[in-house]
Amino acid sequence: MPDVMPQNLVGICRESPPLDARHRLSTRIIFLSLVALLTVLAMISGTLWLAWRLEGAGAAINDAGSLRMRANRVAIDLSLPLTPSRNEKLITQIEEMDRTLEGLRQGNSERPLFLPNEPGIRAQLGRVTEEWRQRMKPMALGLHTLPVAGSTTSAYLAALPGFVEEANKLVLMIERDNAEKTRLLWISQLALAIMACVGTLAVIHLLYRWIILPVRQLQHGLQRMAAREFELRLPVASRDEFGMLAQGFNRMASELQALYRGLEAHVEQNTAELAGRNRALEALYDMAAFLNLPGDTETLCRGFLARVMRQFDADSGSVRLLDPRNATLHLVVSEGLSDELVKIERCQNIDDCFSGDAITQAPIFIADLQEHYRLAQPTTRCYRCIREGLPGLGVIPIATQSGTLGSFSLHFRQPKQLAPQDRQLLEALGQHLGTAIENLRLFATARQLAIEKERNLVAQGLHDSIAQGLNFLNLQVQLLDAAVARQDFDEMREIVPLLRCGVEESYQDVRELLQNFRARLDHGNFHQAVEDTVARFRRQTHTELKLAFEEARQGPPLDPEQQLQVLFILQEALSNVRKHACAEHVSVTIIDHGLDFRMIVEDDGDGFDPEVLTQASETHVGLHIMRERAMRLAAQLSITSRPGAGVRVELILPRPGETARVSSPTTESL
């Protein structure tokens with residue numbers, strides 16, 4: 001499943017149609033954001049405009065209120081005595097009055113100063129302006145040149161309350177308009193706050209519907225999918241990205257549902273295959289354990305055939321081995337075949353049956369021999385298995401790395417088609433049987449070679465010891481026979497002790513050979529075996545012998561075969577000392593420092609001349625035996641001696657990867 005789902009998801013994504021730009025979630029979010037932004041900017045702009053107009057209207061109220069003050073100042077200046085300074089102030093007040101009225105009429109955006117654009121306010125401003133310009137200003141300009149104010153100002157003062165009243169009306173009208181705009185500003189700010197709250201709730205609601213709700217639906221769907229509810233389908237409520245995801249989710253759920261419906265069968269199939277592999281492993285293990293048991297070829301093949309027939313429910317079977325010299329197959333064992341068929345096929349040519357075809361070509365598996373015979377080309381081959389009622393056939397070669405040794409056959413009474421894994425198992429079993437038979441043959445060959453080598457050593461021992469003694473006795477018997485014929489009793493008396501001595505020496509040689517040939521050595525008992533050999537030498541002679549071991553645990557000990565050969569060489573060396581050296585002292589030193597193994601046997605006997613030894617080496621006791629055993633060990637045997645100076649025998653056995661270091665030249669043994 002982990003390998004299938006990503007491919008299905010990729011397929012779902014590829015099958016999804018492209019989204020229209022109008023239905024994309026990003027388009028709706030951008031549009032909503034722009035609408036909210038424009039609305040907020042419009043509301044803020046309106047409030048700013050109202051605040052700006054209110055600020056201008058406030059300045060207009062101040063200027064309109066100043067009209068009353070300036071009109072009263074003009075009246076005050078007119079009541080003062082006529083002086084140049086009074087006239088100047090009066091003119092200044094009149095000009096300020098004109099500028100104020102003009103400013104109220106035109107407005108000023110820099111201050112700011114704005115008169116409300118109400119028709120009534122504009123009309124009232126017109127009346128105030130008309131009253132000032134038509135009545136009040138001419139009066140003021142006509143009176144400012146009179147020397148005495150007196151009663152001349154009464155006309156201005158009489159008209160002043162009416163002007164002030166009109167100015168008050170203008171101020172009140174502006175204040176009422178300003179109050180209305182202030183209320184409108186508060187209303188707009190409140191509306192902006194309400195709109196912000198409503199807009200926030202609307203945005204939250206839309207985002208919940210557009211994003212959060214679909215995500216929660218997908219999350220809930222994934223949780224239910226994780227709980228193996230593959231029948232779940234999500235509602236497709238929109239045509240945006242989440243709608244596409246919902247459609248893809250539903251397609252994925254449908255495919256997963258279809259996949260998991262067949263998963264049980266798939267698991268059962270894998271379980272059956274795994275069980276078959278386990279049975280195959282058990283069969284291989286059982287067969288390997290059986291083939292490693294000791295026995296002859298027939299026992300091996302019979303047990304093999306019984307196990308294979310039981311493993312594959314075969315009704316009969318046979319094992320045939322190949323004779324490459326005659327290109328024939330010999331029936332070794334069979335089960336379930338008739339005596340007549342066994343007699344016919346006990347020995348047959350390799351080209352006469354399917355067993356030979358499996359050897360020369362490949363394994364043969366035929367589900368139905370009758371159908372195969374009907375479809376095959378005309379042939380003279382006899383299908384005997386059909387007459388036996390065995391239409392199913394499987395022939396597998398018994399093969400090794402070096403070649404094919406034969407074949408084994410399985411027969412079935414019902415047509416049977418073997419699975420590929422069963423065929424592989426049969427081929428593996430055939431290789432196991434071939435290896436076991438090859439090992440039996442190699443073991444028999446190795447055992448025969450070992451027997452021949454040991455017989456050769458026995459023959460050498462008999463020739464070098466007993467044969468020479470018997471030759472001496474034969475010579476003395478001939479001399480005795482001649483003395484008897486001559487009636488020479490003096491010579492007979494000399495020959496009889498020699499015969500007795502020769503018989504005793506031959507007897508001792510026979511006992512020594514028997515003891516040497518019966519020597520056995522268990523792993524770890526090399527020291528004890530050396531000490532037993534030294535003790536036997538001490539019992540046989542009065543020569544003093546000193547034994548020394550020098551060891552360092554830097555490597556593994558010699559294997560039992562090497563130890564036994566070293567022990568035999570020691571026995572031969574001590575036998576030579578006992579028979580020929582006439583020594584008073586003998587030393588045996590065994591050195592094992594891990595790099596190589598050394599054995600040194602020295603005596604202080606008569607010694608010998610190496611040149612004489614080389615010329616007559618074939619007649620000396622123990623020469624060939626010691627040399628053969630040293631060669632078997634791949635060791636170096638060195639012997640140094642001179643007449644009257646004793647003999648030194650040194651055996652050097654190198655360990656793997658080391659080269660033996662020889663301290664003296666190699667010569668022949670005594």
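Residues numbered from 1 in each chain as written. Predicted model: local features only at pLDDT ≥ 70, side-chain atom pairs only at ≥ 80, totals over all residues. Heavy atoms only, no water.

### Observations concerning the overall build of the protein chain
Which entries qualify depends on this criterion: Segments assigned H or I by DSSP are reported as helices when at least four residues long, segments assigned E as strands when at least two residues long, and all are numbered from the N terminus. Between buried and exposed lies partly exposed: a residue is buried under 20% and exposed over 50% of the maximum accessible area for its type, with that area taken using a 1.4 Å probe on protein chains only. We get accessible surface area from the Shrake-Rupley algorithm with a probe of 1.4 Å; when it comes to residues, only the shown protein chains can shield them.
Looking only at helices and strands, one finds 18 helices and 11 strands in the protein chain. Of all 670 residues assigned to the protein chain, the portion counted as buried reaches 38%. Looking at the protein chain as shown, the accessible area adds up to about 38,700 Å², and 56% of this sits on carbon and sulfur atoms.

### Digging into the nonpolar core
As a reminder of what qualifies: Think of a nonpolar core as a cluster: buried Ala, Val, Leu, Ile, Met, Phe, Trp, Tyr and Cys residues, connected wherever their side-chain atoms sit within 4.5 Å. In what follows, residue pairs with any heavy atoms lying within 4.5 Å of each other are defined as contacts.
Core analysis: the biggest nonpolar cluster contains 33 residues, and Val566, Leu574, Val586, Phe597, Met599, Val601 and Leu651 have the highest contact counts within it. Secondary-structure elements contributing two or more residues to this core are α15 (526-540), α16 (560-581), β8 (585-592), β9 (596-603), α18 (623-633), β10 (636-641) and β11 (647-654). Per-element accounting of this core gives the leading share, eight residues, to α16. For Val586, the contacting residues outside a window of four places in its chain are Phe537, Thr543, Glu544, Leu545, Lys546, Leu574, Val577, Val601, Glu602 and Asp603. Ranked by size, the runner-up nonpolar core spans 32 residues in total, among them Leu67, Ile94, Ala159 and Val171.

### Some remarks on the sheet that holds strand β3 (residues 347-349)
Put simply, the rule is: Two strands qualify as a pair provided DSSP detects at least 2 bridges between them. Note on geometry: axes are C-alpha line fits, over the in-contact stretch for helices, and angles between N-to-C directions span 0 to 180 degrees.
Ordered by their spatial adjacency, six strands build an open sheet running β3-β2-β1-β6-β5-β4, and the pairing between neighbours is antiparallel. Every interior strand has two partners, whereas the edge strands, β3 and β4 (364-366), have only one. For this sheet, the mean inter-axis angle between neighbouring strands, taken without regard to orientation, is 25°. For strand β2 (residues 328-335) and β3, the ladder comprises three bridges, and the chain directions are antiparallel. For His330, the partnering residue across the bridge sits in β3 and is Cys347.

### Section: the environment of Asp352
Residue position: Asp352 is located in the loop between β3 and α10 (354-360). Considered as a pair, Asp352 and Thr328 are 24 residues apart in the sequence and their alpha carbons are 9.4 Å apart.

### Looking at helix α5 (residues 154-226)
How we decide: One less than the residue count of a helix, multiplied by 1.5 Å, gives the span that helix is expected to have. To get the bend at a residue, fit one axis to the 7 residues ending there and another to the 7 starting there, then take the angle between the axes.
The end-to-end C-alpha separation of α5 is 105 Å, in line with the 108 Å expected for 73 residues at 1.5 Å each. Its maximal kink placed at Tyr208, α5 deviates by approximately 45°. Among the residues trailing α5, Arg228 stands out with phi positive, at a value near 65°.

### Here's the deal with the pattern of salt bridges
Note the cut-off: Every case where a carboxyl oxygen of Asp or Glu lies within 4 Å of a side-chain nitrogen of Lys or Arg is listed as a salt bridge.
Evaluated as defined, the whole model comprises 19 salt bridges. Two residues, Glu166 and Lys169, come together in a salt bridge whose shortest N-O distance is 3.9 Å. Here the residue Glu166 and the residue Lys169 both occupy positions in helix α5, the gap between them amounting to three residues, near one helical turn. We note a salt bridge from Arg486 to Asp488, for which the minimum N-O separation is 4.0 Å.

### Points about unusual backbone geometry
Phi at Asp313 is positive, roughly 55°, even though this residue is not glycine. Assignment of secondary structure puts Asp313 in the loop between α8 (297-312) and β1 (316-323). Even without glycine at this site, Ala634 takes up a positive phi of about 60°. Overall, Ala634 belongs to the exposed group, its relative accessible area being 58%.

### Quick word on a nonpolar patch on the surface
Test applied: Residues forming no salt bridge and having over 30% relative accessible area are the ones grouped into patches, like charges within 9 Å of each other and nonpolar side chains (Val, Leu, Ile, Met, Phe, Trp, Tyr) within 5 Å.
On the surface, Ile30, Leu34, Leu37, Leu38 and Leu41 cluster together into a nonpolar patch covering about 490 Å² of accessible area. Within the fold, Leu41 resides in helix α2 (residues 25-79).

### Examining the environment of Gly607
In this structure, Gly607 sits in the loop between β9 and α17 (610-615). For the pair Gly607 and Ser641, spaced 34 residues apart in sequence, the C-alpha to C-alpha distance is 5.7 Å. Apart from residues no more than four positions distant in its own chain, Gly607 is found in contact with Ser641, Arg642, Pro643, Gly644, Gly646 and Val647.

### What about the packing of aromatic side chains?
In plain terms, the rule: The criterion for an aromatic pair is that two Phe, Tyr or Trp rings (for Trp, the six-membered ring) have centres within 6.5 Å, with stacked assigned to planes under 30 degrees apart, edge-to-face to planes over 60 apart and tilted to the rest.
Under the definition given, this model contains three aromatic pairs. Arranged with centres 5.1 Å apart and planes meeting at 85°, the rings of Phe304 and Phe408 form a pair that is edge-to-face. Note that Phe304 is positioned in helix α8 and Phe408 in strand β6 (residues 403-412), a separation of 104 residues in sequence. When the centroid spacing of 6.1 Å and the interplanar angle of 70° are considered together, the rings of Phe526 and Phe597 count as edge-to-face. Separated by 71 residues along the polypeptide, Phe526 in helix α15 and Phe597 in strand β9 bring together distant segments of the chain. Take Phe526: its relative accessible area is 8%, and that puts it in the buried class.

### Some details on the pairing of β1
The buried count for β1 comes to eight of eight residues, which makes it a mostly enclosed element. Burial of β1 is two-sided: the residues Ser316, Ser318, Arg320 and Leu322 facing one way and the residues Gly317, Val319, Leu321 and Asp323 facing the other way are all buried. Bridge analysis of β1 against β6 gives six bridges, and the strand direction is antiparallel. Among the inter-strand pairings, Gly317 is bridged to a residue of β6, identified as Leu410. Judged from the seven bridges that link them, β1 and β2 form a sheet pairing that is antiparallel. Counted as the bridge partner of Asp323 is Thr328 from β2.

### Things to note about the sheet that holds β10
If you trace the five strands from one edge of the open sheet to the other, you get β7-β8-β9-β11-β10, paired in mixed fashion. Pairing within the sheet leaves two strands with one partner each, and these edge strands are β7 (544-551) and β10. Strand-to-strand twist across the sheet, computed as the mean angle between neighbouring axes with direction ignored, equals 10°. Note that β8 and β9 share seven bridges and pair antiparallel. What sits directly across from Ile591, in β9, is Arg598.

### Some thoughts on the packing of α2 against α5
Test applied: Roughly parallel means an angle under 35 degrees; roughly antiparallel means over 145; roughly perpendicular covers 65 to 115; every other angle is labelled oblique. Handedness of a helix crossing follows the sense of rotation of the near helix relative to the far helix, less than a right angle counterclockwise being left-handed and clockwise being right-handed.
Their axes nearest at 9 Å, the elements α2 and α5 cross at an angle of 165°. When the axis of α2 is compared with that of α5, the two are roughly antiparallel. Between α2 and α5 the crossing geometry is left-handed.

### Some remarks on the confidence of the model for the protein chain
Any region with low pLDDT has predicted coordinates that should not be read closely. The condition is simple: How sure the predictor is of each residue is captured by pLDDT, a score from 0 to 100.
This prediction gives the protein chain a mean pLDDT of 77; 82% of its residues lie at or above 70. Per-element confidence in the protein chain is highest for β8, whose mean pLDDT is 90, and lowest for helix α1 (residues 5-15), whose mean pLDDT is 46. Scored below 50 in pLDDT, residues 1-14 makes 12 contacts in the model with residues more than four places away or belonging to other chains.

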